[in-house]
Amino acid sequence: MKTYIASSLALLIGFPCLAPAQFGQSLEQIKVAADAGDPAAEDRLGEQFIMRTDTKQAELWYRKAAAQGYAHAEGELAEMLLHRARMTFGFKPDARQATGEEGVQWAVLAANQGDQLGQTELAEAYSEGKFINKDWVQAYKWAALAARQPGSAFNPAGVMAGSIRDLAVLNLLAPQLAEAKMLVAEFTPHAAAKGEMPMPAWVKEIKLAGLSGDAGHRLAIINDSVFAVGDSNDLKVGGKKVNIICKEIREKSVLVQVEGLDHPVELNLAGE
């Protein structure tokens with residue numbers, strides 16, 4: 001989005017125009033501060049490398065700043081990873097999914113701190129449903145938050161956010177739209193907790209196909225595998241193998257622990 005537009009402008013304008021400092025600092029001062037571990041300087045150095053179309057170095061410096069919770073760098077890193085996951089050809093499915101999921105995680109961290117680019121990237125991820133489950137309520141929430149920030153009509157992230165917000169409106173029923181607007185009104189910037197990370201899209205491929213047995217020995221058929229309580233098995237979902245542990249078998253559902261997720265997932269029988 002913004003990152004790649006900036007790169008194109010850099011090519012058209014020419015590299016000599018890129019040397020002036022950002023934010024009142026010379027490039028030398030930014031580099032010294034970045035080398036010393038200052039996250040704001042690391043973020044600015046990442047931007048300098050983006051303007052020079054060196055995305056490898058840009059990602060390195062954005063990661064340094066993002067690891068310290070610097071929201072702008074988290075948003076930029078989210079954009080880079082999600083762009084790569086969407087556009088790169090020759091990616092193996094599991095590598096593409098992993099890259100997209102990491103991009104979403106950074107977008108969540110940035111968006112919840114109020115970063116516009118992170119909010120826009122998260123809204124787009126919810127609207128397309130590639131790396132997380134499609135959710136138009138959440139897409140509206142994050143797009144509306146991004147679109148209402150100052151100057152949104154004049155920057156790529158703000159324009160994209162407005163487009164996603166309007167698309168969400170077209171896909172929401174009135175009660176859902178009311179819910180989405182309430183989420184926007186209630187939002188306050190904060191550090192995202194683990195529980196706020198969205199479920200990866202591949203989780204919906206894990207299905208409870210049937211239940212059998214009596215109260216003393218219940219069995220659950222999950223995808224093509226049979227589980228008793230406590231059983232563990234690897235299932236192929238989302239183009240990769242994921243370990244599943246059956247935690248509890250209920251009357252019409254099962255509770256499983258899915259590798260890579262913080263909380264157990266309840267799987268319901270079809271139609272329940």
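How each quantity is defined
- Residues numbered from 1 in each chain as written.
- Predicted model: local features only at pLDDT ≥ 70, side-chain atom pairs only at ≥ 80, totals over all residues.
- Heavy atoms only, no water.
- Helix = DSSP H or I, 4+ residues; strand = E, 2+ residues; numbered from the N terminus.
- Buried < 20%, exposed > 50% of the residue type's maximum accessible area, 1.4 Å probe, protein only.
- Areas by Shrake-Rupley, 256 points an atom, 1.4 Å probe, with all protein chains shown as cover.
- Lys, Arg positive; Asp, Glu negative; His and termini not counted.
- Charge placed at Lys NZ, Arg CZ, Asp CG, Glu CD.
- Pairing = 2+ DSSP bridges.
- Expected span 1.5 Å × (residues − 1).
- Axes fitted to C-alpha atoms, helices over the stretch in contact; angles between N-to-C directions.

S.K.: Can you explain the overall build of the chain? Please cite residues and give values.
M.R.: Each helix and strand in the chain was counted, giving 10 helices and 7 strands. For the C-alpha atoms alone, the extent of the chain along its principal axes is close to 75 × 40 × 35 Å. Looking at the chain as a whole, 45% of its 272 residues are labelled buried. A total of about 13700 Å² of accessible surface is found on the chain, and carbon and sulfur atoms cover 57% of it. Positive and negative charge centroids in the chain, built from 27 and 34 side chains respectively, lie 3 Å apart.

S.K.: Outline the pairing of strand β5 (residues 240–249), listing residues and values.
M.R.: Pairing of strand β4 (residues 232–237) with β5, which is carried by 6 bridges, proceeds in the antiparallel orientation. Bridge pairing links serine 232 to isoleucine 245 in β5. Hairpin remark: β4 followed by β5, antiparallel, with 2 residues in the connecting loop; positive phi at glycine 238, about 60°. Here β5 pairs with strand β6 (residues 253–258) via 5 bridges, running antiparallel. When the bridges of β6 are listed, glutamate 248 appears paired with leucine 255. If you look at the hairpin formed by β5 and β6, you'll find 3 residues sitting between the two strands.

S.K.: How would you summarise helix α5 (residues 71–87) if you had to cite specific residues and measurements?
M.R.: Because the α-helix completes a turn every 3.6 residues, residues three or four places apart line up on one side. With 17 residues, α5 should reach 24 Å at 1.5 Å per residue; the first-to-last C-alpha distance of 24 Å fits that figure. Among the 17 residues in α5, 13 count as buried, and that is most of the element.

S.K.: Can you tell me about the sheet that holds β6, naming the residues and giving the values?
M.R.: Here we have 4 strands laid out as an open sheet, ordered β4-β5-β6-β7, and antiparallel in their pairing. Edge strands, defined here as strands with exactly one partner in the open sheet, are β4 and β7 (265–268). Direction aside, the axes of adjacent strands within the sheet are offset by 45° on average. Note: β6 against β7, 4 bridges, orientation antiparallel. Among the inter-strand pairings, serine 253 is bridged to a residue of β7, identified as asparagine 268.

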